[in-house]
Amino acid sequence: MIDLHIHTNASSDGQHTPEEIFQMAQKMGIEVISFADHNSISSLEEGLKLSKIYSIDFIPAVEFNSLYNGEDIHILGYFIPFSSDEFRNFIEEMRKRKLIQAKKRVERFKSLGFSLEWEDVYRLSKGGIPTGMTYLKALLMREENRDHELLKPYINGPKSKSPYINFYKDFLRGGGVASVPFYFPSTFEVIKKLRDFGSIPVLAHPSDLPSESVEEMVKEGLMGIECGSSHHTEGQEKGWRDFAEKYNLIFTAGSDFHGELIKPGIKLGVSNHYTCDIVERLRKMTRNKGY
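Residue numbers run consecutively from 1 along every chain, following the written order of its sequence. Reporting in this predicted model follows two pLDDT cut-offs: at least 70 for local features of residues, and 80 or more for side-chain atom pairs to be given and counted; totals over whole chains, interfaces and linings ignore these cut-offs and use all residues. Hydrogens and waters are ignored; side-chain quantities use all the structure's heavy atoms.

**Q** Is there a simple way to explain the overall build of the protein in this structure?
**A** Counting secondary structure elements, the protein contains eleven helices and seven strands. In this description the radius of gyration comes from C-alpha coordinates, and the expected globular size is given by 2.2 Å times residues to the power 0.38. Relative to the 2.2 N^0.38 estimate, which gives 19 Å for 291 residues, the radius of gyration of the protein is 19 Å and therefore close to what a compact globule would have. Over its C-alpha atoms, taken along the principal directions, the protein stretches across nearly 55 × 40 × 40 Å. Residue burial is assigned from relative accessible area. The probe radius is 1.4 Å, only protein chains are included, and a residue is buried under 20% of its type maximum, exposed over 50%, and partly exposed in between. Taken over 291 residues, the protein has a buried fraction of 54%. In what follows, residue pairs with any heavy atoms lying within 4.5 Å of each other are defined as contacts. Looking at the protein alone, contacts between residues at least 24 apart form 69% of all its contacts between residues at least 6 apart. All accessible-area figures derive from a Shrake-Rupley calculation using a 1.4 Å probe, and residue coverage is judged against the displayed protein chains alone. Total accessible area computed for the protein in this model is approximately 13400 Å², and 50% of it derives from carbon and sulfur atoms. Separation of charge centres in the protein, based on 37 positive and 41 negative side chains, amounts to 2 Å. Think of it this way: any DSSP run of H or I at least four residues long counts as a helix, any run of E at least two long counts as a strand, and we number them from the N terminus. Just so you know, the count uses Lys and Arg for positive and Asp and Glu for negative, and it drops His and the chain ends. By convention, charge coordinates are those of NZ in Lys, CZ in Arg, CG in Asp, or CD in Glu.

Put into structure tokens, the structure is as follows:
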């Protein structure tokens, strides 16, 4: 069993530490894992060290936000050279832009009548990029926000079973009541950048994204599709595997695990028909050897 899309607490909406994830993976008999935190590489050095301790193969990765036709598209990069200064500078530039957006979001929440300060959000995100979970936690820390009509569905209402994801979708995603425009690098830019770094760009959980859009990404250098995903139905999974085979792309698989508190019902590991052969194909494709 493998899982090539896992979030640690280096993503501010990730619940578990790197070592906790390795412990869970070992108990489940998972042979290969990959940390793919949101625009962050801070878990990867520890992941490589833990890989030797727990005898579980490890692929360093990242999940980038990117912009395609006004939509936030996630691109996974596998075998990234996370120790290089150039790559770290690229990540740092992304982080700075996201922090500017985050501060504007705080002001947007204030305009909606919430009591919130940037220091609350920054502290909860541990200096990382705030996510939906961060904002909701920060809002609920203040007693005066708990009776706000806009929050009631996430506290004990119809959206309380998965509050953080629902809150993100309703408030922060494009068109949400507290959304703030942000200049992501374009999807094509991210694909090119990853290839320039010798890494493998893979489209994360495409779900029902139109195949014509993905064909455009393939023309721009996309090398793989995340076919096995907790976001996909069996039909979608098969459709994207067929697409990958048609265009000679690698197909990968990952749970998009964040932890039970963040994404209830999503467990580590993916279907056993995704094997370690995928990892060997990825290794042959990358210019970054030694992992």
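The rest of the description comes next.
**Q** Sorry if this is basic, but what is going on with the side chain of His205 here?
**A** Within the secondary structure, His205 is located in the loop between β5 (200-203) and α9 (211-219). In the analysis that follows, any N or O atom pair within 3.5 Å is treated as a polar contact, provided that within protein one partner can donate a hydrogen and the other can accept it, and provided that, for residues neighboring in sequence, both atoms belong to side chains. Among the polar contacts listed, one links the side chain of His205 to the side chain of Glu63, at a separation of 3.4 Å. Here His205 is in contact with His5, Glu63, His74, Glu226, Ser229, His231, His232 and Asp256, once residues within four sequence places are set aside.

**Q** I would appreciate a short explanation of the pairing of strand β7 (residues 250-254) in the present structure.
**A** The two faces of the sheet receive side chains in turn, since in a regular strand these alternate between them. Judged by how many residues are buried, β7 sits mostly within the fold: five of five residues are covered. Residue alternation in β7 divides its side chains into two sets, Ile250, Thr252 and Gly254 and Phe251 and Ala253, and both sets are buried. In this description, strands pair whenever DSSP reports at least two bridges between them. As paired elements, strand β6 (residues 224-229) and β7 share five bridges and run parallel to each other. When the bridges of β7 are listed, Glu226 appears paired with Thr252. Between the parallel elements β6 and β7, the chain passes through helix α10 (residues 234-246) in a crossover that is right-handed. When the strands point away from the viewer, a crossover counts as right-handed if the path from the first strand over the helix to the second runs clockwise.

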